[in-house]
Amino acid sequence: MKNKFLFPRISGLAFLATLGACSSADGSSINSTTASAPVTQITLGSRHKPIIKVDGLQFRDLDNDGKLAPFEDWRLAPAVRARDITARMTLEEKLGTLLHGSLPGNSGRFDNSDTGYALQAVGTAIGENHVTSFISRLTAEPAKLAEQNNAVQALAEQARLGIPVTISSDPRNHFQYVLGASEVGGGFSQWPEPLGFAALADPALVHEFADIARREYRAVGIHMTLSPQADLATEPLWPRQPGTFGSQPGLAGSLAAAYVEGFQGGKDGPGRDGVLSVIKHFAGYGAQPEGFDGHNYYGRYADLDDAEFAHHVDAFRDSLKVKVGGVMPAYPILRGPTINGQPVEQVGAGFSSLLLDTLLRDELGFDGMVVSDWAITQDCDEPCKAPTAENPQTPAHIATSWGVDHLSKAERFAIGLKAGIDQFGGVDDPAPLMEAFDRKLIDETRIDASVVRVMTSKFQLGLFENPYVSPDAAGDMLGNRQFAARAEETQRKAQVLLKNSNALLPIAADHRKVYLFGVDPLVAQRAGLIVVNRPEDADFSVIRSEAPSEMLHPHHFFGSRYKEGRLDFRPGDPAYDELLKARRYGPTILAIFLDRPAILTNVLDHSDAVLANFGASDAAVLDVILGKANAQGRLPFELPSSMAEIRNQRSGTPDDTTNPLFTRGAGILP
């Protein structure tokens, strides 16, 4: 690796990048003086590279040669600039571009427990491995997060071509935190989970949310969201339903498209102030038998027939029409469906050319980036397959190379690239890609095609002009009271009233004494209630709960974090026991977070009111109970009546239990 950063090996294409014109990766001519974008000066941000003047306009001289290269000319179309810079890149720089790494915290971890990045390690990833895309899991005050992301960009600017870093994130504006799936905190406005938007079925509201989140992301220096989930919530036991827009492809598709359009800043792909959206997980991820998630070895399959698979694919179509910037393939191996009469290969979706090349690109016309989900090229060792209490699965043992785990890493990268992947998530070591190239498993033409797509996105987002943000402005943006108020209002509206015996809700003004379980007493007191310690002393009781679950795989990393198992309440469940106890003394209200479609059969008789939510604060729940706000949602999926009904339904078919307790769309409206 000695001197690689200062004296890189130059690709055979680089000599074509001459003064007036250069040849792109596909051999087409590029004229550096042909303007196709605005002629008004664009704001530049540069800390290490000089600014040059041409035609009375300013440009960043990213290659330090004192001349305006086509890729430096912001007047040109992103695709033109992308082909030009690809032609100038070394093979090492190209291979690094195909990786989407993780920004490590200063403790060396990759979670949200740190307050800063390990910048020396980041510098190595950029300077030696030429990685220019990273996910951030850092949770910090807005100004601090902006400063840290600026520090990453300053490191990238010092590289040979000054290629800016694309910083991505899992969703940050909701309630659930699961490492590898979502983040919380840091001042971002807090909205219901996407299921809550499905309960309201309002694309305009989803667009408004995404537009607000877009501004928050860009204020702190985040440019890509690994969302939305267009997956369908067809398996009641599956733990990732909160991130979906429900069970029906029509509604899920329209809401996902509104989400994409709001984040990206329009219907024509990501703009200069946009956040590139990576829709996921293509396709069929929600059809996991027993709900066992595809992050886990024991959840590596999904079962669908052709008709079911078609519904799962349909949920992605609307987002493709508004030119979503990226698509992330699903984890599991799909058992059952065919494409053009051919059975889908028995490999994870990221390795399936039928899914990515034939269906996604050729038939559906997608021309953006395909970004793999994380760790699909890693080795699944014993702690990954069969962890124990003595040898549990830790982050170092996370791998999802389903169906190709018998191959070498170089072979996995080659198969993924040939199938249609442009970037491999969760890795920053280009050595396996170089091995695949040296073994002639992949060629430079195929590499160039992916590099052009990745670079096009960076130009679309305006990162080559100014990758830096203002820490002070970040603090103002993420402290926007109007944004917070809209989020809080939506938390209230997105709740679903399923039962209200004798018009118990809203609670009468003279009923102030409340017994609480799962609710912060201070929040209740601020709402004007008197909190008592015994249900027999209360005018009414409020029991907050999540859907029931079991810990079936405690030694698997994701198995210990995702909800699995039963959905029915049983004696011994704390919330159920409290409900029965409180019901003996007076009216009871069950406020339940439907992170999965809970079975409420044996709680209805013990509840005078049942209020469901999909991510709501205690204050939001109490406001609906007290009549300060109205629940306006409807169920985005059915609620089964028993576990037997769940066992007899198909994982790939939505809302198909025989006798649901509540059908999809149920809800008592004001």
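- As annotated in an unreviewed UniProt entry, the protein is beta-glucosidase from Novosphingobium aerophilum.
- The Catalytic activity (unreviewed entry) field of the UniProt record for the protein holds the comment "Hydrolysis of terminal, non-reducing beta-D-glucosyl residues with release of beta-D-glucose."

Let's talk about the overall build of the protein
Line of reasoning, step 1. Tallying secondary structure elements over the protein gives 19 helices and 22 strands in all.
Line of reasoning, step 2. The C-alpha radius of gyration computed for the protein amounts to 26 Å, which stays within 12% of the reference 26 Å derived for 670 residues, consistent with globular compactness.
Line of reasoning, step 3. In terms of overall dimensions, the protein has C-alpha extents of about 85 × 50 × 45 Å along its principal axes.
Line of reasoning, step 4. The long-range fraction of contacts in the protein, counting pairs at least 24 apart against all pairs at least 6 apart in sequence, stands at 73%.
Line of reasoning, step 5. By element, 50% of the accessible surface of the protein is carried by carbon and sulfur atoms, the whole surface being about 23,800 Å².
Line of reasoning, step 6. If you average the places of the 63 positive and of the 82 negative side-chain charges in the protein, the two averages end up 3 Å apart.

Quick word on the state of the cysteines
Line of reasoning, step 1. Inspection of every chain in the model, using the stated rule, returns 1 disulfide.
Line of reasoning, step 2. At a sulfur-sulfur separation of 2.0 Å, the disulfide partner of Cys380 is Cys384. Because the torsion about its S-S bond is -90°, the bridge between Cys380 and Cys384 counts as left-handed. Like Cys384, Cys380 is buried.

Observations concerning the domain arrangement of the protein
Line of reasoning, step 1. On domain assignment, one finds that the protein holds domain 1 (83-479) and domain 2 (495-662).
Line of reasoning, step 2. A C-alpha centroid distance of 33 Å is found between domain 1 and domain 2.
Line of reasoning, step 3. With 50 residues of domain 1 in contact, the opposing surface of domain 2 contributes 38 residues.
Line of reasoning, step 4. Area buried by domain 1 at its contact with domain 2 is led by Pro236, Leu237 and Tyr298, which between them contribute 17% of it.
Line of reasoning, step 5. For the pair domain 1 and domain 2, the number of links is 1 salt bridge.
Line of reasoning, step 6. A salt bridge links Glu308 to Arg650, with the nearest nitrogen and oxygen atoms 2.7 Å apart.

Side note on the pairing of strand 20 (residues 540-546)
Line of reasoning, step 1. The element strand 20 is extensively covered by neighbouring structure, given that 6 of its 7 residues are classed as buried.
Line of reasoning, step 2. Across 4 bridges, the pairing between strand 18 (residues 513-517) and strand 20 is parallel. Within strand 20, the residue paired with Tyr515 across the bridge is Ser541.
Line of reasoning, step 3. As judged from the 6 bridges shared by strand 20 and strand 21 (residues 588-593), these two strands associate in the parallel manner. Bridging across to strand 21, Ser541 finds its partner in Thr588.
Line of reasoning, step 4. At this point the chain moves from strand 20, through helix 17 (residues 574-583), to the parallel strand 21, and the crossover so formed is right-handed.

Reading guide: rules and limits
Residues numbered from 1 in each chain as written. Predicted model: local features only at pLDDT ≥ 70, side-chain atom pairs only at ≥ 80, totals over all residues. Heavy atoms only, no water. UniProt positions renumbered as here; feature names shortened; annotations may be inferred. Helix = DSSP H or I, 4+ residues; strand = E, 2+ residues; numbered from the N terminus. Rg over C-alpha atoms; globule rule 2.2 N^0.38 Å. Contact = heavy atoms within 4.5 Å. Areas by Shrake-Rupley, 256 points an atom, 1.4 Å probe, with all protein chains shown as cover. Lys, Arg positive; Asp, Glu negative; His and termini not counted. Charge placed at Lys NZ, Arg CZ, Asp CG, Glu CD. Disulfide = S-S within 2.5 Å. Buried < 20%, exposed > 50% of the residue type's maximum accessible area, 1.4 Å probe, protein only. Domains from an automatic or database assignment. Buried area = accessible area lost by both parts, 1.4 Å probe. Salt bridge = Lys/Arg side-chain N within 4 Å of Asp/Glu carboxyl O. Pairing = 2+ DSSP bridges. Right-handed = clockwise from strand over helix to strand, strands pointing away.

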